[in-house]
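The primary structure of each chain is shown beneath.
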Amino acid sequence: MRKSPLLRGAVVSAAALLVLAACSTDDSVDDPAPDAGADPETSESADASADTEWFVQADFDEQDAQRSATFEGDDATPWLQYIDGPMTDTKKYATQEAQKVCFANASISNPWRQTGWITMNQQLKALQDSKVIGEMETRDAQDDDNTQIADIDYFIAEGNCDVFIISPNSTAAMTPAVERACETGKPVIVFDRGVNTDCYTSFIHPIGGYAWGIDTANFLSENLEEGDKVVALRILPGVDVLETRWAAAEKIFKDNGIDAVDYFTGADPSKIKQIISDELVKGDVKGIWMDAGDGAVAAIEAFEDAGVDLPVMTGEDEMSFLRKWEETGLTGLAPVYSNFQWRTTLLAVEKIVKGEAIPSEWVLPQVPITEDERADFLEENDGMPDGHYAKFGGEDLPGYPQVWQDRKIP
Amino acid sequence: MRSRLQHLTSTGIVVAVLVLSLVVGAILTAIEGRNFLSSGNIDAILTGCSILGLIAIGQTLVILVGSLDLSVPFVVSLTSVLAAGHMAGEPGNVVPAVLLALGIAAVIGLANGLVVSFLKVHGFVATLGMGLIISGYIGSNYQGSHGLAPRSFRLIDATQIGPVPLTFLIMLGCALLAILMLRRTRLGHHLYAVGGSPEVARLSGIRTSVPVVVAHVLCSVLAAVAGLLLLSRLSVGSPTIGSQGDYDLMSIAAVVLGGTLLAGGKGNIVGTLAGVAIFAVLDSVMGVMQVNPFLKDVIRGLVIVAAVAVYAGREIDRRPARFDRPTGLDAVLQETK
Amino acid sequence: MSTPVTTSTPAPARAAIPAHQRGLGGRLLAAILTPGGAVFVLAAVLLIATIQANPNFGDPGVVMLFLGRTAPIAIAAIGQYYVIVSGEFDLSMGAVIGTQVVLAGNMIGEDPDKVVPVTVLMLLVGAAVGFVNGVVTTLLRVPSFIVTLGMMLALGGLVSYLTGGAATGNPVDEFREIGRGRFENVPLVEFLPYPLLILVVLAIVASWLMRRPFGRNLLAVGDNPESAERSGTSVWWLKTRAFMISSLAASVSGILLVGYAGVHPSVGDGYEFTAITAVVLGGVLLGGGRGWVLSAAAGAIALELLFTLLTVKEVESTWRDTVQGVIIILAVAVAARGWQAGRRPRGSARQAPSTRIPTTPTPGTTNGDN
C-alpha cells in the first residue's frame, strides 16, 4: 500500500523535472547566459592559476618596475595620478545630466574598507553638490560572492543605472557578472580586486600585492641577517590581493636566506599575541611581516610582555600601528595599499561624464610610509580612531576631519 | 494561547508570516519606488532561496533525527572546488565531476552519521569537528579560485523558465523528493520516530542508527548539490564559498523558523522552505532600502527570534497533531501527519 | 588533578557516579576514567608532549604566561558550562565579548577615573544580555540556539553600527593592567598573572555554586526538565540565572582580553564555538545534566595546549584545523564511552544524546498512519 503512491509520486516528479529540463533548453535563448566569446578569456585565466600557485613571475616583475615608475598628474592629489598607458575614450558617455551610480560593494567588514567607504561617501557629497552624480545606490554583498552576483544582476535588471561601480568580492567568480554589466553598454568601473576580463571602462587599483610584498620583504631583508627568523602574520587564505603580497615576500625571504614561518590570524589580536608568544618561547624572532597591519599592536605587545628586544617589523598605514611604532621606536615600515582609491572611483565617474579619457587600467601610486615621514602623518591624522588609515586622502573633502573621527558608517 | 490560531499548525503560522513579510516587503519596496514583482526582483528572491533552501532541506532531515550539521559550509566549498577542478572547462568531464562531488559528500555524510550514531558524539561536536577537518584540507590544497565549469554546466544557473530560475526548480525538486521520503517511506517515519524519542524508537524495534546515518548522508549530498549550483553560478570553484554564506547557522535558523523542533521528531520541509523564503524576502527588501550592512545583521537577528517566538509559545499547548481536525490549508502543508 | 572528585556534585535525580562508591584511591582512578576526569589527563599529556617537543615550555614563567592567556577562554568555558549543563546553548558569547571590548575602548578612553564606573556598566550590560537570553528562552519558549544566535547577530551588528566597525583605540593602561598585569617575585612560579588569579577565584566560586541548591537544581533541570518542573523548581529563573552567569563570564573574558589583546572588533570572534568545544572536551554532555564545572575549565586549557603544541610542532598553518577537528571528535567519542560506562549501573544506557529543548514535551512519534 505504501510503496505504490511513493512510486507514483517519484515517477510524476521525475517526469515533471524532465519536462522542465527540456523546456529550459528551449528557453535559454533569452537568458543572460555567458556568451561564447567570454569563454577563451576565462579559461585562459583558469589555466594560468591551474597550478594553484599565486606567484606569477611576469606580474612580479611588472609591479616591481611600477614601484619606481613615474606617475602622471600632481603629487598633491595622488588619487588622480596614474601610470601612463592605454586610455579608454569616454566621449560617448559625455552628458550634462546628473548620473545614477550603482555600486556593488563586496563588504565593509574591515577597518580598511570602512575608512574607504566613508571617504567615498564624502566624495559623493562633493560630486552631488556639483550635480555630476544625482544618486548612488549601493548594495553590500557582506563578503559573499553569491550575493554580489545577485546584486549586480539586480542592478542590471532593476537599477536604472547610468554607471556601474563594482568592488569585486573575488576575482574569477565575479568575472561573468561584470561581463553582463559591461553588456549593458553603460560604463563599468572596477576597483580594488580585479576581474578576468577587460570589458570595463576602467580598473582602478594601487600597484598591487607583489609591490607590497617586495617593499616589505626587501625592508626586512635589509635590516636582518641571513638565517634570522621572521614570523609572517596573514589574515586569511584565498584572497588574491593578500596572497600575492605573501607570494612576493616569501620568494624574497627565500632568496635572502630569511627563515620565515607564516600563520593565519583572521586579524584577531589575541590570536596574534598567542602565536608570537609561542614563537618567542621556541626561539628568537627577529622580524614580523604582516599582510595587513590590522592587529599589529598585539604583535608588538607580545614582545614587550616577553621582555625581549622588539623586532624589525612591517605593518600598514593604519593609525594603531603608526602610533605604536612611534611609541616604541622599533625599526619599521608602513606599507600602504592606497585607501584613497575609494574616492578615485567616483572621480573617474566625473571624468566619464565630462567625456575625458581615463586610463583603462588606472594604476594608483602605492608608496610606503617610512620612519622619516611618520611624524607628518601622525600629526595630520591626529584625533582619528585607531582603525583609520593615514593615506585615506580625504583631507580636502567636505566633513573633514569630523566625519572620519566620528566614523559614522552611512 | 488557545485562540483562533489553534487550528493552524506551526507550519501554517510560518506560511502566514511569509505572506505577511511578502506584503510588507512589497509595500516597502513600492515606497522605495521599485516594483516588488518585477522579474529582476523575483529572480533575485528565488535565486536567494535556492542555495540556502537546498542546504536547509538537508538540515531539516538531520534536525528531525535529533542531530545537527555544522559541516555544511565546508562540504559546499569542497564540492565546489573538487567539481571545478575535475571539470577543468571540459563539457565531457561534467558528469564524472558531479558524481565525484556527490560521492565525496556522501562519504562525508556517512562519516558524520557513523560518528554520531556509533561513537555517540553529539551532532554539534561531530560536525563541528568534521567541518574543521575539511576546512584544513581545503586550506592546504586550494588557495583561491580553482578549476572551471564549462559553458554547458554554467547554463544551469543561466537558465530561466519565465521568471523562475532553473536552480530554484532543482531546489524544489529536491524538496519534493525529501517530502515524499518523509511521508511515504518507512525510512521517513523512522526518522521522525528516532528524533522524537530514540529510546521508544529502539524499543519498538527500529534500528536507530539507520535513520541518523541516512539523514546525515542526505544532508551532505544536498549541500553538495548546493555547492555544484554555486559552481555553476560562479563558473569557478571557490574554497571559501560555503563559509561566505554562513550556511551552517543560517540553515539551522531557517529550519527552526520553519517550525521544526530543534530537539528533533517534529517538523517538515514546507515550513523550512517558508523559513528560507522569509530570509530571502527580508534580504531583498533590505537590499532595496539600502540598509546599512551592520544593521542588516541586527534586523536578521531580531526577526529570527521574533518569528520563532510567535509560535514557539503555543507549540506546547498543541495536542498531538493526529487528534486535530486539520484545516484545508494544513492538509496541504503538513506532510508529517 | 583530584579536584573534580571533591567538587563534583551529582544531581540527586540521577544515580551516583562510580567515583562516590569507593575508597580514595579507587575514587581517584574512577574519576580519571570518567570524561570529566579524563580531560585532566588529556591536558597533562598535551603539556608533557609540548615540553618534550621544546623544553622551554617547562619553564615556570612560560607556564604562567600560558595560563594567564588561557584564563579568558577558561572563564568563558566556565560560563558556558552553566548554560550547557542546564540543557541549553549560548552562542552569543563572542558577540558579548566584542561588545565589552568596544565599550571599554570607547567609554574609558584615556580617563583613569572612568575605569570603575565603566567596568560596572560593562558587567550590567553583560547581566542584561544574559537576562534577555534567559527570559526569551524560558518564557517565550524560543530554543536557546536561536535566541542566542539572534543575539549574536543583533549585538554584533549593533556594536559595529554604533562604532563604525572600529573602536577609537585602547583604553588607559590602568584598565588594561587587569588582563596584562602580574604579581612579580612569587616563589616557585616567578610571577602570577592577574588573569590566572581571577580564573582561580572564579573557578572556586563556580564549584561552590554547583554545590549549592542552585547548582544541583540546574543539573536536575538539564537531566530531566519535566521532573524538575514538577518538583516545584522555578525553571525559568534557574535557567535565566545560568544565562546571566554565562554573559557575565563572557564580560569578564572581555575585560581580560582588552588587557591581553587590546581593543579590536574581531576580539571574541568565534569564542562561542571555542567555549562550547572546551566544555565538551571537559566531558560535559551537550543536552545537559552531566559534567563538572572544573572539567570545563580544564577543557579550555587542554584546547589551548593543543594550539600551542601545533605551533611547537610547526604543523603547517593550513592543516591545524584538521588536527583540531580530529582531536575534538576523538576526545568526545572517548568521553561518550566514559559516560556510558558511568551510567551502566542504572541499567539502560542512554542513546545518542540529543539536543533536548526542555520547555517542550518530548514529542511523540508523529509518524502516524498516513
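Structure first, text after, so check above.
Report on the accompanying structure. Bear in mind the structure is a predicted one, so any value in this text is a computation, not a measurement.

## Structural notes on the overall build of chain C
Next, step 1: Along the backbone of chain C there are 15 helices and 2 strands.
Next, step 2: The burial tally for chain C puts 61% of its 370 residues in the buried class.
Next, step 3: Taking the contacts inside chain C whose residues are at least 6 apart along the sequence as the reference set, 78% of them involve residues at least 24 apart.
Next, step 4: A total of about 13500 Å² of accessible surface is found on chain C, and carbon and sulfur atoms cover 65% of it.

## Side note on the sheet that holds strand β10 (residues 259-264) of chain A
Residues and elements named next belong to chain A.
Next, step 1: Pairing in this open sheet of 5 strands is parallel, and the strands run β10-β9-β11-β12-β13 from one edge to the other. Each having just a single partner strand, β10 and β13 (332-333) make up the two edges of the open sheet.
Next, step 2: Inspection of the sheet shows strand β12 (residues 312-314) paired to β13 by 2 bridges, in the parallel sense. Each bridged residue has a counterpart across the sheet, and for T314 the counterpart in β13 is L333.
Next, step 3: The strands touched by helix α10 (residues 296-306) within the sheet are β9 (229-234), β11 (287-290) and β12, with β12 carrying the most contacts at an inclination of about 170 degrees.

## A look at the state of the cysteines
Next, step 1: As enumerated under the stated definition, the model contains 2 disulfides over all chains in all.
Next, step 2: Residue pairing for A:C182: its cysteine sulfur links by disulfide to A:C199, the two sulfurs lying 2.0 Å apart. Linking A:C182 and A:C199, the disulfide has an S-S dihedral of approximately 65 degrees and is accordingly described as right-handed. Of this pair, A:C182 sits in helix α6 (residues 171-183) while A:C199 is found in the loop between β7 (188-191) and β8 (202-206), placing the two residues 17 residues apart along the sequence.
Next, step 3: Taking relative accessible area as the criterion, A:C199 reaches 32% and is therefore assigned partly exposed.
Next, step 4: Within chain A, bonded cysteines paired by disulfides and numbered along the sequence follow the pattern 1-2, 3-4.
Next, step 5: Free of any disulfide, B:C49 has its nearest cysteine sulfur in B:C174, 14 Å distant.
Next, step 6: As a non-bridged cysteine, B:C219 has B:C174 as the owner of its nearest cysteine sulfur, 12 Å distant.

## Considering a nonpolar patch on the surface
All names here are of chain B.
Next, step 1: Side chains of V19, V23, I27 and I31 sit close together on the surface and give an oily, nonpolar patch of about 370 Å² of accessible area.
Next, step 2: With respect to the helices, strands and loops of the structure, V19 is situated in helix α1 (residues 10-31).
Next, step 3: Accessibility expressed as a relative area gives 44% for V19, which makes it partly exposed.

## So, the pairing of β7(A)
Residue and element names in this part refer to chain A.
Next, step 1: Burial along β7 is two-sided: V188 and V190 facing one way and I189 and F191 facing the other are all buried.
Next, step 2: Where strand β6 (residues 163-166) meets β7, 3 bridges bridge the pair, whose relative direction is parallel. Looking at β7, one finds that I165 is bridged to I189.
Next, step 3: For the segment spanning β6, α6 and β7, crossover handedness is right-handed.

## Concerning the environment of A:P410
Next, step 1: With respect to the element layout, A:P410 can be found in the segment after α14 (402-406).
Next, step 2: For the pair A:P410 and A:I118, spaced 292 residues apart in sequence, the C-alpha separation works out to 7.3 Å.
Next, step 3: Those residues in contact with A:P410 that sit more than four places away from it in its chain are A:W117, A:N121 and B:N292.

## What about the environment of A:G185?
Next, step 1: Positionally, A:G185 belongs in the loop between α6 and β7.
Next, step 2: In this structure, the C-alpha to C-alpha distance between A:G185 and A:T175, residues 10 residues apart in sequence, is 16 Å.

## Quick notes on the packing of helix α5 (residues 93-108) of chain C against helix α13 (residues 271-281) of chain C
Residues and elements named next belong to chain C.
Next, step 1: Two elements in contact, α5 and α13, have axes separated by 6 Å at closest approach and are oriented at 125 degrees. When the axis of α5 is compared with that of α13, the two are oblique. Here α5 contributes M93, G94, A95 and I97 to the contact with α13, which in turn contributes Y271, E272 and A275.
Next, step 2: Within the contact of α5 with α13, the residues separate by chemical class into 5 nonpolar, 1 polar and 1 charged.

## Quick look at unusual backbone geometry
Note on backbone geometry: most residues besides glycine have negative phi, and most peptide bonds are trans.
Next, step 1: In this structure, A:P401 follows A:Y400 across a cis peptide bond, with omega equal to 0 degrees.
Next, step 2: Within the chain, C:R141 stands out as a residue other than glycine whose phi angle is a positive 60 degrees.
Next, step 3: Mapping C:R141 onto the fold places it in the loop between α6 (115-138) and α7 (144-163).
Next, step 4: Taking the relative accessible area as the measure of exposure, C:R141 reaches 29% and is therefore partly exposed.

Calculation notes
Residues numbered from 1 in each chain as written. Chains lettered and ligands numbered in written order. Predicted model: local features only at pLDDT ≥ 70, side-chain atom pairs only at ≥ 80, totals over all residues. Heavy atoms only, no water. Helix = DSSP H or I, 4+ residues; strand = E, 2+ residues; numbered from the N terminus. Buried < 20%, exposed > 50% of the residue type's maximum accessible area, 1.4 Å probe, protein only. Contact = heavy atoms within 4.5 Å. Areas by Shrake-Rupley, 256 points an atom, 1.4 Å probe, with all protein chains shown as cover. Pairing = 2+ DSSP bridges. Axes fitted to C-alpha atoms, helices over the stretch in contact; angles between N-to-C directions. Disulfide = S-S within 2.5 Å. Patch = residues over 30% accessible without salt bridge, like charges linked within 9 Å, V, L, I, M, F, W, Y side chains within 5 Å. Salt bridge = Lys/Arg side-chain N within 4 Å of Asp/Glu carboxyl O. Right-handed = clockwise from strand over helix to strand, strands pointing away. Parallel < 35°, antiparallel > 145°, perpendicular 65-115°, else oblique. Nonpolar A, V, L, I, M, F, W, Y, C, P; charged D, E, K, R; others polar.

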